[in-house]
Amino acid sequence: MNDDLTRLEDALKTVLAAVPVLGAEKVSLLDALGRVLAEDIIAERDNPPWDNSAMDGFAVRYEDIKQAHAVTTPTTLKVIEDVQAGKFPTKAVGKGEAIRIMTGAPIPKGADTVLKVEDTENTPTSVKVFKEERQGANIRPQGEDVRKGDCIIPKGKIIRPAEAGMLAILAKSFVFVSQRPKVAILSTGDELADLDERFSEEKIVNSNSYGIAAAVQEAGGLPMLLGIARDSPDALKAKIRQGMNADFLVLSGGVSMGDYDFTKPVFQELGGEMNFWKLAIRPGQPVAFGKIGKTLAFGLPGNPVSSMVTFEQLVRPAILKMCGSQVLARPVVQALFQEKFSKRPDRRHFLRGVLWMEKGMLMVRTTGSQGSGILTSMVKANGLIDIPVEVEKLKPGDVVNVQVLGGGF
Ligand code: AMP
Ligand code: MG
C-alpha cells in the first residue's frame, strides 16, 4: 500500500476519539422513536403484575381434574364466578369448584391450572372436563416478562417500537434520551446552484447538501443547511463561521489539490490540529477532519457518491457516538459475489451493491457503473460491498462482506 495513504480504520479511530457524547434531554414517549436512551431503564414492578390466564376457560384445582377422562371419568365442577379481563376474582376456588375466566384476568386463589373452554362442555353454573391438563397449564406467571428491579433496557440503546412498548409497560411516559447533534452542512463550488435558484444550463444542482442532510437525519442528527460557499477563501471562511455553533460541520467539495480547492488552507487557518487524509478507499480519497473552535469539521470529497460513502464510513459513526449509541456500524452480512472484479491492492473499495436472497443464500452484485459521480449507483444499492485493501481479484461465488444500507432487500 502507498505510504501516504491512510487506512480508513485509523482515520475512524482518530475521528471517534475526538467525539464526545452529548447530554440528555427528556422527551415524551411518542417522540422517542429512533432516539438513544440516556438512562438505564429499571423495572419498578413485575410484568405481568399478577398470575393471569393465557386462555379463555376455567380456573380449577389440578387435584380435581387429574382423573378426568372422556369415556370413563368425565369430571363435573361447579362454576362459582365469572371473571373478565379487568376484573379481579372475589372468591377462591374450592374443592369441586371452578371459576370461568377470560384471557388476561387474574388467577383466583385456590386455582393452579386453567382449562381451555374448547376442551370442556359448560353451562352457566357447571363445567364438564373430559381430559386432564398439565398442572399450571395456561397460566402466565407474575413477572414472567419483567422482574421488578431488573435493568430491562440499557442506556445507549436506540428506541424501536419494541422498546416503546416496553417503556409503556414500565409506565415511562417520558424518557431521557441523548440530545441530537447539530450538523451544519456546507457545499462549495462556483459551479453549484441551489434547488431554489432558477434552473441554469451552466450550473450543477447542489445535491450533496440534501443527500448529506438526509444521511444526518437518518443517523439521528439535526441538519442545518448553510448553503453554498463560492470558491474563494473569504467566502468559505464566512460560511464556516456561520456553522461554528454546530456540533459538526460537514463540508463537501474543494478538498482536492485543484487551483480552486480552498478547504485545506482555510481549515488550516481556522482549525488547530487538522488531519488531511488521503484515505486508502475508493471512492472518496481526500478527506479532512479536525476541530474548528468546538466544532468537529469534516471536509468530504465533492463527488456525490464519494461524499455519501465517506459520510457512511466516518461521519455516521461519529454522529451515532455523539448520540450515545452503543452501535456505531451498519449491520454487515456475508454474501456470494456474482461478478468478476479486479483492482490494485492499495485501496479498500466500497462497491454499490444489490443484495438478494436466492435458494436460502445471500447474493450480491454491483449496481453497474461505479463512477463517483454516478448517484444512481447509490439509488439502486441496498448495500456497500466492502473489498479489503489487499484483495486483488474476485470471481463469482467468492464470499464478500456487505454493509447493509436502509431500504431492505
Ligand atoms: P471538487 O472536489 O470541489 O472538485 O468537486 C468534485 C466534483 O463534485 C465536481 O464535479 C463537482 O461539480 C461535484 N460537486 C461538488 N460539490 C457538489 C454538490 N454540493 N452537489 C453536487 N455535486 C457536487
Ligand atoms: Mg469544487
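Residues numbered from 1 in each chain as written. Chains lettered and ligands numbered in written order. Predicted model: local features only at pLDDT ≥ 70, side-chain atom pairs only at ≥ 80, totals over all residues. Heavy atoms only, no water.

Caption draft 1: Here's a closer look at empty space enclosed by the protein. Overall, the coordinates contain one cavity of 30 Å³ or more when judged by the stated rule. Lining the largest cavity are Leu115, Lys116, Asp119, Thr120, Val129, Lys131, Glu132 and Glu133. (1 Å grid on protein atoms, 1.4 Å probe; cavity = no way out; pocket = protein on both sides within 12 Å on 5 of 7 lines; lining within 4 Å. Points joined across faces, edges and corners; volume = space filled by probe spheres on them.)

Caption draft 2: Molecular detail of the sheet that holds strand β16 (residues 222–229). Strand order across the open sheet formed by six strands is β16-β13-β17-β21-β20-β18, with mixed pairing between neighbours. Of all strands in the sheet, those with a lone pairing partner are β16 and β18 (274–278), marking the two edges. Averaged over all adjacent pairs, the angle separating strand axes in this sheet is 15°, with direction ignored. In the sheet, β18 pairs with strand β20 (residues 286–292) via five bridges, with the strands oriented antiparallel. For Asn275, the partnering residue across the bridge sits in β20 and is Phe289. Strands β17 (248–252), β18, β20 and β21 (295–300) of the sheet are contacted by helix α6 (residues 263–270), whose axis makes an angle of about 155° with β18. (Pairing = 2+ DSSP bridges. Helix = DSSP H or I, 4+ residues; strand = E, 2+ residues; numbered from the N terminus. Axes fitted to C-alpha atoms, helices over the stretch in contact; angles between N-to-C directions. Contact = heavy atoms within 4.5 Å.)

Caption draft 3: Focus on the domain arrangement of the protein. Under the domain assignment, the protein is made up of domain 1 (8–22 + 180–322), domain 2 (31–46 + 151–178), domain 3 (52–140) and domain 4 (332–404). The C-alpha centroid of domain 3 is placed 37 Å from the C-alpha centroid of domain 2. (Domains from an automatic or database assignment.)

Caption draft 4: Quick peek at the site of ligand 1. Around ligand 1 there are 14 residues in total, and Glu191, Asn206, Ser207, Gly254 and Gly302 lie nearest to it. Between Gly302 and ligand 1, the recorded distance is 3.2 Å, taken from a backbone N or O atom to an oxygen atom. At the level of secondary structure, the elements contributing two or more residues to the shell around ligand 1 comprise β13 (182–188) and β15 (204–205). Considered class by class, the residues forming the shell around ligand 1 number four nonpolar, nine polar and one charged. (Near = heavy atom within 4 Å. Polar contact = N/O pair within 3.5 Å; in protein donor to acceptor, adjacent residues only side chain to side chain. Nonpolar A, V, L, I, M, F, W, Y, C, P; charged D, E, K, R; others polar.)

Caption draft 5: Spotlight on the packing of helix α1 (residues 8–18) against helix α7 (residues 304–322). Between α1 and α7, whose axes approach to 10 Å, the crossing angle comes to 30°. Considering the angle they form, α1 stands roughly parallel to α7. Our pair here, α1 against α7, has a crossing hand that is right-handed. Counted together, Leu8, Ala11, Leu12, Val15 and Leu16 of α1 and Gln313, Leu314, Pro317, Ala318 and Lys321 of α7 form the full contact between these two elements. (Parallel < 35°, antiparallel > 145°, perpendicular 65-115°, else oblique. Left-handed = near helix turned anticlockwise from the far one by under 90°.)

Caption draft 6: Structural context of the packing of helix α5 (residues 233–242) against α6. Interaxial distance between α5 and α6 falls to 10 Å at its minimum, and their mutual angle equals 50°. What the angle tells us is that α5 and α6 run oblique. Handedness of the α5/α6 crossing: right-handed. Every residue of α6 that contacts α5 at Pro233, Leu236, Lys237, Ile240 and Arg241 is listed here: Thr263, Val266, Phe267, Glu269 and Leu270. Here the residues of the contact of α5 with α6 sort into six nonpolar, one polar and three charged.

Caption draft 7: Geometry of the sheet that holds strand β5 (residues 75–83). Pairing is mixed in the open sheet, where six strands are placed in the order β7-β4-β6-β5-β9-β8. Lying at the two open borders of the sheet, with one neighbouring strand each, are β7 (113–116) and β8 (120–122). The sheet shows a mean angle of 35° between the axes of neighbouring strands, taken without regard to direction. Note that β8 and strand β9 (residues 126–129) share three bridges and pair antiparallel.

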